[in-house]
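Residues per chain are reported as follows:
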Amino acid sequence: MNQDQSATSRSELQEEALSHIDALYRTAYRMTGNAMDAEDLVQETYLRAFRSLHQFRPGTNLRAWLFKILTNAFINDYRKRSRRPRSTSLDNVEDYYLYSHLIDSGIQPASSRPEDEVLANIPDEAVIAALDSLPDEFRQVVLLADVEGFSYREIADIMSTPVGTVMSRLHRARRRLQSAILQAYTAAPCSVGSDGDACDARLR
Amino acid sequence: MLDCDEVMERLYQFLDRELSEAELAEVRAHLDACPPCRDRFTFEQNVLRRVGTCCRQLSAPPSLVEKVRRMCDQ
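Residues numbered from 1 in each chain as written. Chains lettered and ligands numbered in written order. Predicted model: local features only at pLDDT ≥ 70, side-chain atom pairs only at ≥ 80, totals over all residues. Heavy atoms only, no water.

A. Spotlight on the environment of Val42(A). Turning to its location among the elements, Val42(A) is positioned in helix α3 (residues 35-51). Judged by its relative accessible area of 0%, Val42(A) is buried. Distance in space between the C-alpha atoms of Val42(A) and Val118(A) is 36 Å, their sequence separation being 76 residues. Apart from the residues lying within four places of it in its own chain, the contact partners of Val42(A) are Ile21(A), Leu24(A), Tyr25(A), Ala28(A) and Leu64(B). (Helix = DSSP H or I, 4+ residues; strand = E, 2+ residues; numbered from the N terminus. Buried < 20%, exposed > 50% of the residue type's maximum accessible area, 1.4 Å probe, protein only. Contact = heavy atoms within 4.5 Å.)

B. Focus on the layout of surface pockets. Quantified by volume, the largest pocket comes out at close to 300 Å³. For the lining of the largest pocket, the secondary-structure elements that each account for two or more residues are α8 (136-147) of chain A together with α4 (35-55) of chain B. Ranked by the residues each element gives to the lining of the largest pocket, the list is headed by α4(B), at three residues. Considering only residue class, the lining of the largest pocket consists of five nonpolar, three polar and seven charged. (1 Å grid on protein atoms, 1.4 Å probe; cavity = no way out; pocket = protein on both sides within 12 Å on 5 of 7 lines; lining within 4 Å. Points joined across faces, edges and corners; volume = space filled by probe spheres on them. Nonpolar A, V, L, I, M, F, W, Y, C, P; charged D, E, K, R; others polar.)

C. Fine view of unusual backbone geometry. Within the chain, Ser160(A) stands out as a residue other than glycine whose phi angle is a positive 50°. Mapped onto the elements, Ser160(A) comes out in the loop between α9 (152-159) and α10 (163-187). Overall, the relative accessible area of 53% leaves Ser160(A) in the exposed class. The backbone of Arg17(B) sits at a positive phi, close to 55°, despite the residue not being glycine. Checked against the element boundaries, Arg17(B) lands in the loop between α2 (11-15) and α3 (21-33).

D. Spatial organisation of the environment of Glu137(A). Residue and element names in this part refer to chain A. Mapped onto the elements of the fold, Glu137 is located in helix α8. The exposure class of Glu137 is buried, given its relative accessible area of 19%. Counting along the chain gives 33 residues from Glu137 to Leu170, while the straight-line C-alpha distance between them is 9.4 Å.

E. Structural context of α9(A). Residue and element names in this part refer to chain A. Among the residues making up α9, those that are buried are Tyr152, Ile155, Ala156, Ile158 and Met159. Looking down the long axis of α9, one finds its buried residues gathered within 165° of arc, a one-sided arrangement. Once α9 finishes, Ser160 follows within two positions and takes phi at roughly 50°, a positive value. (Arc of directions from axis to C-beta.)

F. Representation of the interface of chain B and chain A in the model. Counting from both sides, the interface comprises 33 residues of chain B and, opposite them, 44 residues of chain A. In total, about 3,700 Å² of surface goes out of reach between chain B and chain A, with carbon and sulfur atoms giving 63% of it. Between Glu39(A) and Lys67(B) there is a salt bridge, with the nearest N and O atoms lying 4.0 Å from each other. Joining chain B to chain A, the criterion identifies ten residue pairs in polar contact (both at pLDDT 80 or more). Mapped onto the side of chain B that touches chain A, the elements with two or more residues apiece are α2, α4 and α5 (62-71) of chain B. Top contributing element to the side of chain B that touches chain A by residue count: α4(B), with 14 residues. (Buried area = accessible area lost by both parts, 1.4 Å probe. Salt bridge = Lys/Arg side-chain N within 4 Å of Asp/Glu carboxyl O. Polar contact = N/O pair within 3.5 Å; in protein donor to acceptor, adjacent residues only side chain to side chain.)

G. Molecular detail of the pattern of salt bridges. All names here are of chain A. Evaluation of the coordinates by the stated rule reveals 13 salt bridges over all chains. Residues Lys68 and Asp157 are paired through a salt bridge, measuring 3.9 Å at the closest nitrogen-oxygen approach. Taken together, the residues span a long stretch of sequence, with Lys68 in helix α4 (residues 62-81) and Asp157 in helix α9 at a distance of 89 residues. Take Lys68: its relative accessible area is 22%, and that puts it in the partly exposed class. Accessibility expressed as a relative area gives 42% for Asp157, which makes it partly exposed. Note that Arg139 and Asp136 form a salt bridge whose closest N and O atoms lie 2.9 Å from each other. Note that Arg139 and Asp136 are positioned in helix α8 at a spacing of three residues, about one turn of the helix. In this structure, Arg139 and Asp136 share a single accessibility class: buried. Several salt bridges share partner residues, and in doing so they unite Arg26, Arg63 and Glu148 into one network.

Functional significance is not addressed by these values, which are geometric in nature.
Here it is in structure tokens:
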């Protein structure tokens with residue numbers, strides 16, 4: 001490969017890498033919890049990526065590669081100097097499926113599928129607050145799977161964990177997320193609608 | 001045919017498209033015949049989608065995009 005070709009493919013790779021900046025930023029934002037740290041983390045990610053772009057194997061997944069760099073930068077760099085309290089344990093936390101809770105709580109069926117109505121009435125803020133309350137590893141696995149759509153294999157590579165760990169972590173994280181959504185929802189003042197239907201549908 | 005518990009064990013792998021074709025067919029056959037499980041799967045899928053759409057509303061600030069663009073080789 002001559003120098004011109006090499007320069008072209010490098011700038012093409014940089015351009016492609018840049019197209020993933022929204023995904024990297026929203027993940028960084030949810031991982032660090034604020035815009036300033038998220039921007040620092042994303043810049044650090046691109047700095048490292050561009051520095052080691054020659055190590056990237058063309059034809060492999062550039063997006064997953066960038067997320068792996070982001071993850072390493074978060075763990076090795078950001079988290080060490082962060083003063084944000086780090087919650088890592090899910091032990092002793094009650095996990096349950098939102099669905100079971102909705103069914104067990106005997107919500108009044110205002111429609112044929114009342115549980116869908118309840119979900120639709122949960123504000124975005126409650127969903128985000130619930131996600132933010134998860135320990136880092138669990139929040140990240142949800143972000144990678146449910147927001148970014150990575151496969152188990154890709155997540156395992158990004159997080160440097162076995163696929164089995166990804167699956168069990170994801171399973172627990174989603175259940176924990178559902179109980180946290182419910183907590184965030186029931187803790188927030190009811191602001192949905194004026195006829196009180198949403199409040200009535202709220203769970204006890 | 002898989003029973004309800006066996007199908008529930010495969011809930012997330014099904015929604016995450018991580019089952020083999022054969023396993024997928026087994027779960028589908030059960031869901032076609034079992035409305036309660038079908039409702040359950042639909043609800044779980046809606047929860048996951050909801051998380052995705054909430055988080056994807058955020059995008060990188062233009063100033064950050066500009067900074068990173070300047071990091072690219074000239």
